[in-house]
Amino acid sequence: MARMMVVALMVVALAVVGGARAQLREGFYEQSCPRAEQIVKHYVQQHIPHAPSVAATLLRTHFHDCFVRGCDASVLLNATGGNEAEKDAAPNQTLRGFAFIDRVKALVEAECPGVVSCADILALAARDSVVVIVISKPPLFFNCLLLTAHRHGRSSISPRNYLTPNKKLRRMMNDEMQGGPSWSVPTGRRDGTVSIKQEALDQIPAPTMNFTQLLQSFHNKSLELADLVWLSGAHTIGIGHCDSFTERLYNFTGRGGPGDADPSLDPVYAANLRRNKCKTATDNTTIVEMDPGSFLTFDLSYYRGVLKRRGLFQSDAALITDAAAKADILSVVNAPPEVFFQVFARSMVRMGNIQVKTGHEGEIRKHCALVN
Ligand code: HEM
C-alpha cells in the first residue's frame, strides 16, 4: 500500500513538473494576434526577393541566438552600460539583418503591441526567408515519386532508407528543384533580458573546430550528430569572410606561406582561393560564396563540395572525418533534394526548441534591441 502511495505521488509530481514547463505550439498567437505570422511572411515575401542574401544571415542569426541562452532573441540585444552583448562577439559581428528584424517587429507591434516576441519573429522570418529565396517549382512527377516513397514508408527521416532515383531522373530533379525547405515553427517563445559577449564566444561553434569539438558543442545544446550534419547543410546558402578560413590557405601548421595549407582542403581549390579571393593572409573584408555557383540556392551542392574536399571551413571538412556523418552525407546526396529538406526541417525544429523561455519567463520586448 505504502509502495502504491509512493508511486502515485511520483506520478503526480511528474505531472506537475511537466505541466509547469509550458511548450511551444503552432498557432500560439491565433487568439492574441491572429495576423502576426502573416505579417512576418508578407514582409519577407515582399523584401527577400530583392535582397536574397539576407535569408542566409537571418538563418545564421537564428542559429547563433539559439546556441546562447536558448532561442530568446538575446543575440538581438544591444550592449548596455559598458557591458558588451552577444552582438559584440566576433562570430556575431558578421551578422546582418538586424534592421530587417526591427522593421518586421515594428509592423507586428503596430498590429498588436507587446504580444509577439522578437525570438518568435526571428524564428519565423528565418524560416519564411529560406522558403522564398528562389521560387519553388517541384515538377509533377517528382511529387508522385515522393508520394510513392511515403506510401512505402520510406520518406521518413533517414535518407539512407530512401529510394534512389536513377542518374538522369536525379539530374532533372536537381535542375528543376529550386527554392528552400520549409519547417514548422511552433511559437510562444519569450524574449530574454540578458546578453553577454563572453557567452557567445564560448558557445557558438568555431569554424576551426574538429568533429569531436563540433559534436560536443551540439550535444551541449541537446542536439545530436544528425542535427550537426543536417544543420551544417545551411552552408548551402551564404558567404564567409576570408578571415574565417585563411589559416587553411596560408598558415595551417604555423609555419606559414602558401605551402602551409590545410591538407584536407582540395589543393586546386585552395590555390584558386589564394589567387582570386583571399589574396593575403590578413584579408578580413573579402567574401567568398560557401557553396560557389549556387550560394543563393538551397540545394545539395554544399554536401557535394564537402565530399570533394571543398568545404570552406575546417568545420565543414570535419563532417567527413566521422564515418557515420559521412555515410549520412553520401546517402543524402544520392537522394532527391527533398530528402535533405525533410531532415534539415526536422533539425531546424529541434534547434528552434533549444532552452526556450515560455509562460511567465522573460518578457515580450517592445524593441528587439532593447530590454523593456
Ligand atoms: C556546425 C557548426 C558551424 C560553424 C563552425 C559555422 C561557422 C560559420 C562561419 C565561420 C560562417 C561565415 C561567417 C563569415 O565569415 O562571415 C558561417 C556562415 C553561415 N552559417 Fe554557419 N556555422 C555552423 C553551423 C551553422 C548552422 C547550424 C546554421 C544554420 C542552421 C548555419 C548557417 C550559416 C549561414 C546561413 C551562413 C551564411 C551567412 C551569410 O551569408 O551572411 N551555420 N557559418
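Residues numbered from 1 in each chain as written. Predicted model: local features only at pLDDT ≥ 70, side-chain atom pairs only at ≥ 80, totals over all residues. Heavy atoms only, no water.

1. Section: empty space enclosed by the protein
(1) Moving on: Under the counting rule described, the total for this entry stands at one cavity of 30 Å³ or more.
(2) Moving on: A per-class count over the lining of the largest cavity returns seven nonpolar, four polar and one charged. (1 Å grid on protein atoms, 1.4 Å probe; cavity = no way out; pocket = protein on both sides within 12 Å on 5 of 7 lines; lining within 4 Å. Points joined across faces, edges and corners; volume = space filled by probe spheres on them. Nonpolar A, V, L, I, M, F, W, Y, C, P; charged D, E, K, R; others polar.)

2. A short note on the environment of proline 91
(1) Moving on: Its place among the elements puts proline 91 in the loop between helix H3 (53-66) and helix H4 (98-111).
(2) Moving on: Residue classification places proline 91 among the partly exposed residues on the basis of a relative accessible area of 22%.
(3) Moving on: In this structure the C-alpha to C-alpha distance between proline 91 and alanine 200, which are 109 residues apart in sequence, comes to 7.8 Å.
(4) Moving on: Apart from the residues lying within four places of it in its own chain, the contact partners of proline 91 are Arg60, His64, Leu201 and Ile204. (Helix = DSSP H or I, 4+ residues; strand = E, 2+ residues; numbered from the N terminus. Buried < 20%, exposed > 50% of the residue type's maximum accessible area, 1.4 Å probe, protein only. Contact = heavy atoms within 4.5 Å.)

3. Observations concerning the state of the cysteines
(1) Moving on: Scanning all chains against the criterion turns up four disulfides.
(2) Moving on: Covalently, cysteine 33 is tied to cysteine 112 through a disulfide, its sulfur atoms 1.8 Å apart. Residues cysteine 33 and cysteine 112 are joined by a disulfide whose S-S torsion is about 70 degrees; by sign, that bridge is right-handed. Of this pair, cysteine 33 sits in the loop between helix H1 (2-20) and helix H2 (36-47) while cysteine 112 sits in the loop between H4 and helix H5 (118-132), and the two are 79 residues apart along the sequence. Here cysteine 33 matches cysteine 112 in class, with each residue buried.
(3) Moving on: Shown here is the disulfide that connects cysteine 118 with cysteine 368, its sulfur atoms set 2.2 Å apart. The sign of the -95 degrees torsion about the S-S bond sets the cysteine 118-cysteine 368 disulfide as left-handed. With a gap of 250 residues between them, cysteine 118 in helix H5 and cysteine 368 in the segment after helix H16 (337-351) connect regions that are remote in the sequence.
(4) Moving on: On the basis of relative accessible area, cysteine 118 is assigned to the buried category, the value being 0%.
(5) Moving on: Across the protein chain, the way the bonded cysteines pair up, counted in sequence order, is 1-4, 2-3, 5-8, 6-7. (Disulfide = S-S within 2.5 Å.)

4. With respect to the UniProt feature "binding site: substrate" (unreviewed entry) in the protein chain
(1) Moving on: In the UniProt entry, the feature "binding site: substrate" (unreviewed entry) is given for Pro205.
(2) Moving on: Relative to the elements of secondary structure, proline 205 occurs in the loop between helix H8 (197-203) and helix H9 (211-219).
(3) Moving on: Apart from the residues within four sequence positions on either side, proline 205 is in contact with Phe63, Phe67, Leu214, Ser217 and Phe218. (UniProt positions renumbered as here; feature names shortened; annotations may be inferred.)

5. A short note on the nonpolar core
(1) Moving on: Ranked by internal contacts, the top residues of the largest apolar core, which has 78 residues, are Leu59, Phe298, Tyr303, Phe340 and Phe344.
(2) Moving on: The element contributing the most residues to this core is H5, with nine residues.
(3) Moving on: Beyond its immediate sequence surroundings of up to four residues, phenylalanine 344 is in contact with Leu59, Pro181, Trp183, Trp230, Leu231, Ala234 and Phe298.
(4) Moving on: Core analysis: the second largest hydrophobic core is formed by 13 residues, Leu249, Tyr269, Val288 and Met290 among them. (Core = buried A, V, L, I, M, F, W, Y, C linked by side-chain atoms within 4.5 Å.)

6. Section: the layout of surface pockets
(1) Moving on: Roughly 1,100 Å³ of internal volume is contained in the largest pocket.
(2) Moving on: If you list the elements that add at least two residues to the lining of the largest pocket, you get H3, H9, helix H10 (225-232), strand S1 (239-241), helix H11 (246-250), helix H14 (314-318) and H16.
(3) Moving on: By residue number, the principal contributor to the lining of the largest pocket is H3, which donates six residues.
(4) Moving on: In this structure, the second largest pocket encloses a volume near 200 Å³.
(5) Moving on: In terms of lining residues, the second largest pocket is bounded by 14 residues, among which Asp291, Pro292, Ser301, Gly305 and Arg310 are the most central.
(6) Moving on: For the lining of the second largest pocket, the leading source of residues is helix H13 (residues 301-307), giving five residues.
(7) Moving on: Class assignment of the residues belonging to the lining of the second largest pocket gives a composition of five nonpolar, five polar and four charged.

7. Considering the site of the ligand
(1) Moving on: Contacts to the ligand come from 27 residues, most closely from Arg96, His235, Ile239, His241 and Ser244.
(2) Moving on: Isoleucine 239 places a polar main-chain atom, nitrogen or oxygen, 2.9 Å from an oxygen atom of the ligand.
(3) Moving on: In this structure, the ligand is accommodated by the largest pocket.
(4) Moving on: Only H3, H9, H10 and S1 provide two or more residues apiece to the shell around the ligand.
(5) Moving on: Examining the composition of the shell around the ligand, we find that five residues originate from one element, H3, more than from any other.
(6) Moving on: Grouping the amino acids of the shell around the ligand by side-chain chemistry returns 16 nonpolar, nine polar and two charged. (Near = heavy atom within 4 Å. Polar contact = N/O pair within 3.5 Å; in protein donor to acceptor, adjacent residues only side chain to side chain. Sits in = over half its atoms within 2 Å of the grid points.)

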